[in-house]
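Chain residues, written in single-letter form:
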Amino acid sequence: VKLSKRSAAVLAAGVAGAMTLSACGGSDDGGGGGSESGGSGQVVFGESTDFPENLFPLISAGNATSTANIEAQLFPQTFEVQPDFTVKWNEELLTEEPVSEVTGDTQTVTYKLNPDAVWSDGEPITADDFDVAWRMQRSSDPANGGCPELLSTSGYEQITAVEGTDEGKTVTVTYSPPFADWQASFTGNNSPLFPAHVVDAPTQEELCAKVAAGWPIADGIPSDISGGPWQLKKENIDVGGQIAVLTPNENFWGEKPKVARLVFQNIGNDPTTAVQGLSRGELNMIYPQPQLDLVDQVADLAPNVESEISFGLSFEHLDFNSQDPHLADVNVRKAFALALDRQQVVDQTVGQFSSDAEVLNNHIWKTNQPEYEDNAPAEYNAANPEQAKQLLQQSGYTLGQDGVFTHPQRGRLAIQIDTTANNPLRQTTIEVMIPQLKAAGIEGTFNANTDIFNGPDKPTSLIAGGFQAAVFAWVGNPFVSAQPPIYQSPQGDAVGQNYARVGTPEIDALFAELIRTTERERQVEITNQIDVLLWDLMPTLPLYQKPTFIAYSSNIDGVVDNPTQAGPLWNASTWTVE
Amino acid sequence: MFFFAVRRILASVLVLLVSSFLVFTLCAASFDPLAKYYNLNPRPPESFFTNLREQLGLNDNFFLRYWHWLSGAVTGDFGETINGTPVADQLFGRILVTGRMIVAAVVIAVILAIVVGVIGAVRQHRPSDYFFTFLVYVLIALPTFWFAALLKEFVAGGVNDLFGAQVLFTIGEETPGLSLYASGWELWSDRLGHLVLPTVSLALLSFAAWSRFQRSAMLDVLGSDYMRLARAKGLTYRRTVVRHGLRNALIPLTTVVALGIGTLFGGAVITETVFVWHGMGEYLLSNGIGENDINVVLGWLLVSAVFVVLFNLMADLLYAVLDPRIRLA
């Protein structure tokens, strides 16, 4: 095809136009960079969740996985959740393990800060930073001087004082009543320490106004402040290109990063894009939601790419709504559980990813947590349709012509199992269950419910209670105070997160003790007692933990997936690139 | 022509108004921006929900909410996303991203469409016609995401292997962080290397359908009396085809291309996703619908609708230029 002169000119104009447009929109953030830091090489992390709009983790706008990943090593935390789900004190920030003491109704926790610990601008990290974190998060009630934008006040609302001695390097935090998860305070990507000299304000109202505004991504983090090995400078954020580049914090007192740049590039959740980016070397690490063909394709890239499947804290379970006439009867709930072969459910779902997948037999702890005990009565370990039928007959059900039980008052035993729309894993889970239930005379049906997580104004949401049974996930953690809302008896309309809407005074009493218990051994005892009782009450049936998937270029050394909220970048400062 | 343009613009404003109202109604009925917070464990305090509902204006009457949005939009304030970023700021950047991706692609596609269409018509039923027809139907039949994946796998892989270096890129607009430590030619060649594949992908897929329009329009014209007359007057074949034939045969293509460009500005959704360009299409899908964000969806609607209207208007005006018999009034 021969182009005339004029067409060639038009073509050239088009290309030039595109180039000019590139110039307009391109980032003007040259000049930054951290090559002077001594680290070498870079790692490009392909972020598959939405680019953050706000970098302040305490509010809804900053409540994003991408924010948590970027800030995994920016702000100091007193304790760090390890890949093995244990909690370890931060040996760089503190000089000794924090001590908790309970006397009567008060608990004091003492932190000894490293005298060398400073923010990136040279200001020392002191008790003031603990104090401001507390004042920001102690209440969400504006009438009480609280900030209503907060996602959580857990723990901080029980703090009565934060005192600094020893030039602020010894911090004493007082709780009343005692807080079971005291280790979770000033811990985690979502509630670390904040620099008081940057975030504090003269009055509580002004402080709350600052909390409400947060740190919009276009403005970066105020003063580019950091208290960890990495630093995110405003000039290194390209909002349009959805790229953020971390560089080493020159003033970090501990071990400095060995890599010159940690680059976050948003790549969306298309698995082919992620795999091809990895194989072309445009990405060095991905952490997508695992899908079967994605895992297989990445496996083909070995030995240039290493990958690993872990089982995280997020777990799928089946909720029984006790307001349903059938499921109000504990025998029906138990018959449902007896009918199921959960091993087969695992084999057909997460078992496809990894042979390590297991049936989850504890409502509170996950199989790979040290606190885990298998408390499930033996009859739930395999499909047990005969026993299920006996229980149903005890409750007055009779087997109908079509092989489904019916009850004189409650009618036919047909249960609709709701779940989120467009989730193949959950859909398969329910589809495997349906024939198992049928064998025990229970008719199960699948229903993709788009309103399932919506608010109380949508009648079929979990909160409103317009469902019979539902499959969805909770995210566990090494701490205990998030458990009571899920399993405590509902108080009137206040169901909390107990969507099964059933509980017992015995369980409630144990939870009441749990949330004030600060010793770990006792917490584990109580939670496992609660779990035994939950198996007998059967408000929910745990199914399996969901896998996490990490894949990275094999020239990066030191990568260890942390399948908790800490995320895959929890130890990025220790990585080296060959 | 001036009055024609004014009349068309006024009619378009009405269409925009009605469509924004309909979209607002649909979004307001189905979006629940608070949904993702109810199942955080532990659940945020009640005051969090009260505050957010108040802040997003969810407590207001439906018509009042629409009025707030509309009165803002008229003054260029498209509201904020649910996370507090002004929508207008994001839209502007996103149009540039999409624009960068489609400008070169459209120019290449139009030229290819005309050339291939004319060749197909002039050499109807010859091998070259059959060859291009086959090629074009293959391209039309190819799903975008697959074609893009093939380009990435084979073209990017092949070219990079050939040069023994990273020449073509498959993700984003530039190597992330490159502008921190590189400038000048290195930066520009990197951006060009990122631009090639999305451009090729968009250009080939758009050109395919367009060339069929051009071919049939050209065939129509070639059989007409004035062509025979022109030849009878003694004009060369080449001159009749180009001067008398092509000019007339461009009219149908103008409409199709104008509509196509207008729509592309709304986002070449799949191409953007596959090549990870953060343009208009991604904005609608992931930031708007994915986040239950009504202001994002409406902002997107307004801007992409304006482009559709604008390019339609341009097509109408171009008619008059191409065909002097048409008088717009």
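The structure reproduced in this document is the subject of the present report. The shown structure was predicted, so the numbers you read here are calculated from the model rather than taken from an experiment. (Residues numbered from 1 in each chain as written. Chains lettered and ligands numbered in written order. Predicted model: local features only at pLDDT ≥ 70, side-chain atom pairs only at ≥ 80, totals over all residues. Heavy atoms only, no water.)

**Observations concerning the overall build of chain B**
A tally of helices and strands in chain B yields 14 helices and zero strands. For chain B, the N- to C-terminal ordering of α and β elements is α-α-α-α-α-α-α-α-α-α-α-α-α-α. Along the first, second and third principal axes, the C-alpha atoms of chain B reach 85 × 60 × 35 Å. The buried share of chain B, taken over its 329 residues, is 52%. Taking as baseline every contact in chain B between residues at least 6 positions apart, the subset at least 24 positions apart corresponds to 72%. (Helix = DSSP H or I, 4+ residues; strand = E, 2+ residues; numbered from the N terminus. Buried < 20%, exposed > 50% of the residue type's maximum accessible area, 1.4 Å probe, protein only. Contact = heavy atoms within 4.5 Å.)

**Quick word on the overall build of chain A**
Along chain A, the regular secondary structure elements total 14 helices and 21 strands. The C-alpha radius of gyration computed for chain A amounts to 27 Å, which stays within 12% of the reference 25 Å derived for 578 residues, consistent with globular compactness. For chain A, the C-alpha atoms occupy an extent of roughly 85 × 80 × 45 Å along the three principal directions. The 578 residues of chain A split such that 58% are buried. In chain A, once contacts between residues fewer than 6 apart in sequence are set aside, the share between residues at least 24 apart is 68%. For chain A, the exposed surface amounts to about 21,700 Å²; the carbon and sulfur share of it is 48%. With 30 positive and 75 negative side-chain charges, chain A shows a spacing of 7 Å between the two charge centroids. (Rg over C-alpha atoms; globule rule 2.2 N^0.38 Å. Areas by Shrake-Rupley, 256 points an atom, 1.4 Å probe, with all protein chains shown as cover. Lys, Arg positive; Asp, Glu negative; His and termini not counted. Charge placed at Lys NZ, Arg CZ, Asp CG, Glu CD.)

**Points about the pairing of strand β5 (residues 106–112) of chain A**
Residue and element names in this part refer to chain A. Residues Gln107, Val109 and Tyr111 point to one face of β5 and are all buried, whereas Thr106, Thr108, Thr110 and Lys112, pointing to the other face, are not buried. Where strand β4 (residues 99–103) lies against β5, five bridges are found, and the strand directions are antiparallel. In the sheet register, serine 100 faces β5, and the bridge partner there is valine 109. The turn joining β4 and β5, which pair antiparallel and follow one another in sequence, is formed by two residues; a positive phi near 60 degrees is taken by glycine 104. Relative to strand β7 (residues 170–175), β5 is paired through six bridges, and the arrangement is antiparallel. Residue threonine 110 lies in a different strand from β7, and its bridge partner there is threonine 172. (Pairing = 2+ DSSP bridges.)

**Things to note about the interface of chain B and chain A**
Each partner contributes residues to the interface: chain B has 60 residues there, and chain A has 70 residues. For the pair chain B and chain A, the two sides together bury roughly 5,500 Å², of which 56% comes from carbon and sulfur. For the pair chain B and chain A, the interface holds one salt bridge. Ionic pairing is found between Glu153(B) and Arg280(A), a salt bridge with its closest N-O pair at 3.8 Å. On inspection of chain B and its partner chain A, the count reaches 23 residue pairs in polar contact (both at pLDDT 80 or more). Listing elements by their share of the side of chain B that touches chain A, those giving two or more residues are α2 (35–38), α3 (46–55), α5 (87–122), α7 (144–163), α8 (178–181), α9 (185–222), α12 (269–275) and α13 (280–289) of chain B. The element contributing the most residues to the side of chain B that touches chain A is α5(B), with eleven residues. (Buried area = accessible area lost by both parts, 1.4 Å probe. Salt bridge = Lys/Arg side-chain N within 4 Å of Asp/Glu carboxyl O. Polar contact = N/O pair within 3.5 Å; in protein donor to acceptor, adjacent residues only side chain to side chain.)

**So, the environment of Leu510(A)**
All names here are of chain A. By the secondary structure assignment, leucine 510 is in helix α13 (residues 505–514). Judged by relative accessible area, which is 12%, leucine 510 ranks as buried. Sequence separation between leucine 510 and isoleucine 526 is 16 residues; the distance between their C-alpha atoms is 6.6 Å. Residues in contact with leucine 510, not counting those within four places in the same chain, are Ile526, Gln529, Ile530 and Leu533.

**Observations concerning the state of the cysteines**
Residue and element names in this part refer to chain A. Here the structure, examined in full by the defined rule, presents one disulfide over all chains. Between cysteine 147 and cysteine 208 runs a disulfide, and the two sulfur atoms are separated by 2.1 Å. Disulfide cysteine 147 to cysteine 208: torsion about the S-S bond roughly -75 degrees, handedness left-handed. Placement of the pair is cysteine 147 in the loop between α3 (127–137) and β6 (159–165) and cysteine 208 in helix α5 (residues 204–213), with a sequence separation of 61 residues. We classify cysteine 208 as buried; its relative accessible area is 10%. (Disulfide = S-S within 2.5 Å.)

**Quick look at the sheet that holds strand β19 (residues 540–553) of chain A**
Residues and elements named next belong to chain A. Strand order in this open sheet of ten strands is β8-β9-β10-β1-β11-β19-β12-β18-β16-β17, and the pairing throughout is mixed. The outermost strands of the open sheet, each flanked by one partner alone, are β8 (230–238) and β17 (443–448). Pairing geometry for strand β11 (residues 285–286) and β19, over two bridges, is antiparallel. Of the residues in β19, the one forming a bridge with isoleucine 286 is alanine 551. Its contacts with the sheet put helix α7 (residues 292–300) on β11, β12 (305–320) and β19, and the angle it makes with β19 is roughly 30 degrees. Helix α8 (residues 330–339) rests against β12, β16 (414–419) and β19 of the sheet, and its axis sits at about 150 degrees to β12. (Axes fitted to C-alpha atoms, helices over the stretch in contact; angles between N-to-C directions.)

**As for the sheet that holds strand β14 (residues 405–407) of chain A**
Residues and elements named next belong to chain A. Pairing within the open sheet is antiparallel, and its three strands lie in the order β13-β14-β15. Each edge of the open sheet carries a strand with a single partner, namely β13 (398–399) and β15 (411–412). Both β13 and β14 contribute to a ladder of two bridges, which runs antiparallel. Its bridge partner being in β14, threonine 398 is matched across the sheet by threonine 406.

**Some details on helix α6 (residues 271–279) of chain A**
Those residues of α6(A) that sit buried are Thr273(A), Ala274(A), Val275(A), Gln276(A), Gly277(A) and Leu278(A). Elements that come into contact with the buried residues of α6(A) comprise β11, α7, β12 and β19 of chain A together with α7 and α12 of chain B. Positive phi appears at Gly281(A), one or two residues downstream of α6(A), with a value of about 80 degrees.

**Overview of the pattern of salt bridges**
Counting across every chain of the model gives 21 salt bridges over all chains. Across the pair Arg522(A) and Glu513(A) runs a salt bridge, and its minimum N-O distance is 2.9 Å. Judged by relative accessible area, Arg522(A) falls into the partly exposed class, the value being 25%. For Glu513(A), a relative accessible area of 32% gives the class partly exposed. Close ionic contact of Arg215(B) with Asp129(B) constitutes a salt bridge, the shortest N to O distance being 3.0 Å. In this pair, Arg215(B) is assigned in helix α9 and Asp129(B) in helix α6 (residues 127–141), connecting sequence segments 86 residues apart. Across the pair, Asp129(B) and Arg215(B) agree in class, each one buried.

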